[in-house]
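The residues making up each chain are set out below.
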Protein chains: 2
Amino acid sequence: MQKNEAVSVSVVKRLPRYYRFLGELLGSGVTRISSRELSERMGLTASQIRQDLNHFGGFGQQGYGYHVEALYSEIGNILGLNHGYKTILVGVGNLGRAIATHISFETKGCRLIGLFDSNPHIIGEMVNDIIISDVRDLERFCREEQPVIAVLCIPKQATRDITQKLIDCGVRAFWNFSHYDIALGHPNVVVENVHLGDSLMTLTYGVKNNLRQTP
Amino acid sequence: MQKNEAVSVSVVKRLPRYYRFLGELLGSGVTRISSRELSERMGLTASQIRQDLNHFGGFGQQGYGYHVEALYSEIGNILGLNHGYKTILVGVGNLGRAIATHISFETKGCRLIGLFDSNPHIIGEMVNDIIISDVRDLERFCREEQPVIAVLCIPKQATRDITQKLIDCGVRAFWNFSHYDIALGHPNVVVENVHLGDSLMTLTYGVKNNLRQTP
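Residues numbered from 1 in each chain as written. Chains lettered and ligands numbered in written order. Predicted model: local features only at pLDDT ≥ 70, side-chain atom pairs only at ≥ 80, totals over all residues. Heavy atoms only, no water.

**Points about the environment of Phe105(B)**
Residues and elements named next belong to chain B.
Okay, step 1: Relative to the elements of secondary structure, Phe-105 occurs in the loop between helix H5 (94-102) and strand S4 (110-117).
Okay, step 2: A relative accessible area of 1% means that Phe-105 is categorised as buried.
Okay, step 3: Between the C-alpha atom of Phe-105 and that of Pro-187, which follows or precedes it by 82 residues, the distance is 25 Å. (Helix = DSSP H or I, 4+ residues; strand = E, 2+ residues; numbered from the N terminus. Buried < 20%, exposed > 50% of the residue type's maximum accessible area, 1.4 Å probe, protein only.)

Structure, rendered in structure tokens:
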């Protein structure tokens, strides 16, 4: 599957959504589906779907459609979901706790192995079978366990220092819920930002301007 | 400020970020800033910034730069952040609770006035000074209070019915954390989706393919 070298950003952005839809189809016992059917369920055009999936070698067969399980598993491979990248989460406040309990890391190619906070009242507590460690143990832990991904649910002021420490310890990807712009100072790490406040402001803009869909 | 009729999607997507940066500048006592300085801090080109802000009438002055407070307040107006749209949240599990406590709705143009859940163990509890109500009271509440925005932190299966009920009661915008595709069945409401799982899969893809930035 070498074709995915040239895959565009917008196609990659749609992959998780294909993966989710196909997983749901599998779960409800659907074994094959036409691009037309898939397009109706996903709100994309059939030709868009064929184009997207052709990037990855084209799993459809004329007159048969897509083999749901094969396509699901192939997209999972492309996304890297079978890797189980070691992941830690820093900042177990309301948001961090929700992320640690709500997100199924295992099915997203990650394995959550550590939680860190500076609040002495919650250090030692278990969340989702993982003990909350003192953030002062972060570097020792990282040198021993070599996590690849860090989830940051800490305030912007704290993120700068923590990010530098983590990069020094070998962490190379950040799921960043803080407002600190990691990419600006560290162009060589992988960053995926989740700015919930920005998302809500986009919704407010949509309401104010009576848009059908937010931009 | 009539010029914003023709504003492109990508410009609008950047507005919350401008707003955040300008707010931070204000907070640290900066009263004016050049497009070059702003560009360095935001990782955009100066010409990009000038182009973006020109869409809204151009607040910069040659040789002076931007008046931070005026620009901040104007972008806030454009985003609709002074509206205080009545907002309810349905589903006060880990994620809903984190959203209710972590997000400052007031500064994003929203006013959180109701929390709803079906779990009898948490109905009656206070979260962020708002009592959790029984979801069976949702329709009565909506007819009385006329909320405009609903935040949905419930499972996909429940979202279909709840969405229909809310639309029937006049809710016209959804901040959707569920995997239910509201826009597919309801093209006339405003929807902003937050798919945290998709975001994590995008990060995993970035790690696997050694990308600098996620797509």
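**Examining the relation of the copies chain A and chain B**
Okay, step 1: The two copies are related by a screw motion: chain A maps onto chain B through a turn of 180 degrees and a shift of 0.0 Å along the axis, at an RMSD of 0.0 Å. Classification of the inter-copy transformation places it as that of a two-fold axis. Residue Ala98(A) of chain A places its C-alpha closer to the rotation axis than any other residue of that unit, at 3.1 Å. (Least-squares fit on C-alpha atoms with pLDDT ≥ 70 in both.)

**Some remarks on the packing of helix H1 (residues 9-27) of chain A against helix H3 (residues 46-54) of chain A**
All names here are of chain A.
Okay, step 1: Remark: H1 packs on H3, axes separated minimally by 11 Å, with the N-to-C direction vectors making an angle of 105 degrees. Here H1 lies roughly perpendicular to H3, going by the angle between them. Between H1 and H3, the residues in contact are Val-11, Arg-14 and Tyr-18 and Gln-48, Ile-49, Asp-52 and Leu-53, respectively. (Axes fitted to C-alpha atoms, helices over the stretch in contact; angles between N-to-C directions. Parallel < 35°, antiparallel > 145°, perpendicular 65-115°, else oblique. Contact = heavy atoms within 4.5 Å.)

**Some points on the nonpolar core**
Okay, step 1: Grouped together as the largest cluster of nonpolar side chains are 58 residues, with contacts concentrated most on Ile99(A), Trp175(A), Ile99(B) and Trp175(B).
Okay, step 2: Other than its neighbours up to four places away in sequence, Ile99(B) contacts Leu196(A), Leu89(B), Phe105(B), Val151(B), Cys153(B), Trp175(B) and Phe177(B). (Core = buried A, V, L, I, M, F, W, Y, C linked by side-chain atoms within 4.5 Å.)

**A few points about the pattern of salt bridges**
Okay, step 1: The tally for this structure, following the rule as stated, stands at 18 salt bridges over all chains.
Okay, step 2: Where Asp181(B) meets Arg17(A), a salt bridge forms, and the shortest distance between an N and an O atom there is 3.1 Å. A residue pair is termed interchain when its members come from two chains, as with Asp181(B) in the loop between strand S8 (173-176) and helix H8 (182-185) and Arg17(A) in helix H1. Residues Asp181(B) and Arg17(A) agree in their burial class; the two are buried.
Okay, step 3: Measuring nitrogen to oxygen at the nearest pair gives 3.1 Å for the salt bridge that ties Glu40(B) to Arg36(B). With a gap of four residues between them, Glu40(B) and Arg36(B) both fall in helix H2 (residues 35-42), about one helical turn apart. (Salt bridge = Lys/Arg side-chain N within 4 Å of Asp/Glu carboxyl O.)

**A word on the interface of chain A and chain B**
Okay, step 1: If you look at the interface, chain A gives 71 residues, while chain B gives 71 residues.
Okay, step 2: Interface of chain A and chain B: buried area, both sides summed, is about 6300 Å²; carbon and sulfur atoms make up 63% of it.
Okay, step 3: On inspection of chain A and its partner chain B, the count reaches six salt bridges.
Okay, step 4: On inspection of chain A and its partner chain B, the count reaches 22 residue pairs in polar contact (both at pLDDT 80 or more).
Okay, step 5: Elements that contribute at least two residues to the side of chain A that touches chain B include exactly H1, helix H2 (35-42), helix H4 (68-79), helix H5 (94-102), strand S8 (173-176), helix H8 (182-185), strand S9 (190-193) and helix H9 (196-208) of chain A.
Okay, step 6: The greatest single-element share of the side of chain A that touches chain B, amounting to 13 residues, is contributed by H9(A).
Okay, step 7: Its residues assigned to classes, the side of chain A that touches chain B comprises 36 nonpolar, 21 polar and 14 charged. (Buried area = accessible area lost by both parts, 1.4 Å probe. Polar contact = N/O pair within 3.5 Å; in protein donor to acceptor, adjacent residues only side chain to side chain. Nonpolar A, V, L, I, M, F, W, Y, C, P; charged D, E, K, R; others polar.)

**Things to note about the sheet that holds strand S7 (residues 149-152) of chain B**
Okay, step 1: A sheet is described by the order of its strands in space; here seven strands give the open sequence S5-S6-S4-S3-S7-S8-S9 (chain B), paired in mixed fashion. Single-partner strands in this sheet number two, and they are strand S5 (126-127) and strand S9 (190-193) of chain B. (Pairing = 2+ DSSP bridges.)

**Structural notes on the sheet that holds strand S5 (residues 126-127) of chain A**
Sheets are built from strands paired through backbone hydrogen bonds, the pairs being either parallel or antiparallel.
Residues and elements named next belong to chain A.
Okay, step 1: Strand order in the open sheet made by the seven strands is S5-S6-S4-S3-S7-S8-S9, with mixed pairing throughout. This sheet does not close on itself; its edge strands, each paired only once, are S5 and S9.
Okay, step 2: Taken together, the four bridges between strand S3 (residues 85-90) and strand S7 (residues 149-152) define a ladder with parallel strand orientation. Considered in S7, the bridge of Leu-89 is made with Val-151.
Okay, step 3: Sitting on the sheet, helix H7 (residues 156-168) is in contact with S3, S7 and S8, with an inclination near 170 degrees to S7.

**Quick look at the packing of H9(A) against helix H1 (residues 9-27) of chain B**
Okay, step 1: As a packed pair, H9(A) and H1(B) sit with axes 9 Å apart at the nearest point and diverge in direction by 125 degrees. Regarding the angle of H9(A) to H1(B), the classification is oblique. As H9(A) runs across H1(B), the sense of the crossing is right-handed. Of the residues in H1(B), those touching H9(A) at Asp198(A), Met201(A), Thr202(A) and Tyr205(A) are Val12(B), Lys13(B), Pro16(B), Arg17(B), Tyr19(B) and Arg20(B). (Left-handed = near helix turned anticlockwise from the far one by under 90°.)

**As for H9(A)**
All names here are of chain A.
Okay, step 1: Here H9 is 13 residues long and its end C-alpha atoms lie 19 Å apart, about the 18 Å a rise of 1.5 Å per residue gives.
Okay, step 2: With respect to burial, H9 is a largely interior element, twelve of its 13 residues being buried.
Okay, step 3: When H9 is considered as a whole, its buried residues turn out to be Leu-196, Gly-197, Asp-198, Ser-199, Leu-200, Met-201, Thr-202, Leu-203, Thr-204, Tyr-205, Gly-206 and Val-207. (Expected span 1.5 Å × (residues − 1).)

It is worth stressing that arrangement in space is one thing and function is another; only the former is reported here.
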